[in-house]
Amino acid sequence: MPANEQPTDRTVHFDTETAHAARIYDYILGGKDYYPADQEAGDAMCREWPALPVHMRANRDWMNRAVRWLAAEAGIRQFLDIGSGIPTSPNIHEIAQSAAPDARVVYVDNDPLVLTLSEELLNSTPQGRTAYVEADMRDPAAVLESPAFRETLDLGEPVALTVVAIVHFMLDEHDPVGIVRRLLEPLPSGSYLAMSIGTAEFAPAEVGRVAREYAARDMPMRLRTHAEAAGFFEGLDLVEPGIVQVHKWHPDGAGTGTIRDEDIAMYGAVGRKP
């Protein structure tokens, strides 16, 4: 079995004239995989909330710390990453395999651009393995029944489910809590859920304006309160310090300067399945 599973269909089509959330994120983080529509949108959003780049970098840093903790401290060797987004090094497999070279990662996304760039997600260590599933998280069965998922991850061993900065693009009618629970359901005891969840509780006016910019580009957002964020972790044992703003979860001092609470619009948490 090869160390990495490549997508089989390389014929993809994507709209470069319309802004896309993953590409806006890439642009604001200083990436290269975006188009003029994404740059225009990102610039407009940063005018409304100049702290947006700080917020996005803090979310990315949280993901790095959470994955590192899961691999190095919790001993997790398998990861299922939902909504992986445009590859940005270090990617989840690079972080996990730096602590555990035999770690396995399945990436899931439904963005054609991510599929096109997926080679960067598949450069696993020889001891580990990575795979990519083209699927929409709103269809958990498409993820869980995919050959890449079944052939890469062993459900006899714990798996970390990572859902990073995506559910704020899911409205209540999509039942995001139910979707996350269905993704967790087949994972064995000792598995983990790591999530970051958008909120407007710390800068409601500024974040509200950014949300309106997204909505104007056909990307409506549903920002959630602390209590609503807790609903995703019902029945799980939260890792200390619980559900907190991402910059407050296991800070490692690697960031420069002081991050203000009002500059962060994302909760982050990790919970263990009993």
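Definitions and limits used
Residues numbered from 1 in each chain as written. Predicted model: local features only at pLDDT ≥ 70, side-chain atom pairs only at ≥ 80, totals over all residues. Heavy atoms only, no water. Core = buried A, V, L, I, M, F, W, Y, C linked by side-chain atoms within 4.5 Å. Buried < 20%, exposed > 50% of the residue type's maximum accessible area, 1.4 Å probe, protein only. Helix = DSSP H or I, 4+ residues; strand = E, 2+ residues; numbered from the N terminus. Contact = heavy atoms within 4.5 Å. Polar contact = N/O pair within 3.5 Å; in protein donor to acceptor, adjacent residues only side chain to side chain.

## Details of the nonpolar core
Side chains that are nonpolar tend, in soluble globular proteins, to be buried together. If you look at the biggest cluster of nonpolar residues, it comprises 38 residues, and the most contacted ones within it are W62, L70, F79, Y192, W249 and V270. Contributing elements (two or more residues each) for this core: α3 (52–72), α4 (92–99), β3 (104–109), α5 (112–116), β5 (160–164), β6 (192–198) and β9 (266–272). Those residues within four positions of L70 in sequence are excluded, and the remaining contacts are G75, I76, F79, A160, Y192, A194 and V270. Formed by 34 residues, the second largest nonpolar core is a distinct cluster that contains M137, L161, M170 and Y267.

## A few points about helix α1 (residues 21–28)
Taking burial as the measure, the eight residues of α1 include seven buried ones, the bulk of the element. Restricting attention to buried positions, one finds in α1 the residues A21, A22, R23, I24, D26, Y27 and I28. Summarising the contacts, the buried residues of α1 are in contact with α2 (36–48), α3, α5 and α9 (204–216). Phi turns positive one or two residues past the end of α1, at G30, with a value near 90°.

## Comments concerning the side chain of R224
Secondary-structure assignment places R224 in the loop between α9 and α10 (226–230). Polar side-chain contacts of R224 include one of 2.9 Å to the backbone oxygen of V167. Within the local environment of R224, its side chain forms a polar contact with the backbone oxygen of M170, the two atoms lying 2.9 Å apart. Discounting residues that sit within four places of it in the chain, R224 has contacts with V167, H168, M170, L171, D172, P176, I197, G198, T199, F232 and Y267.

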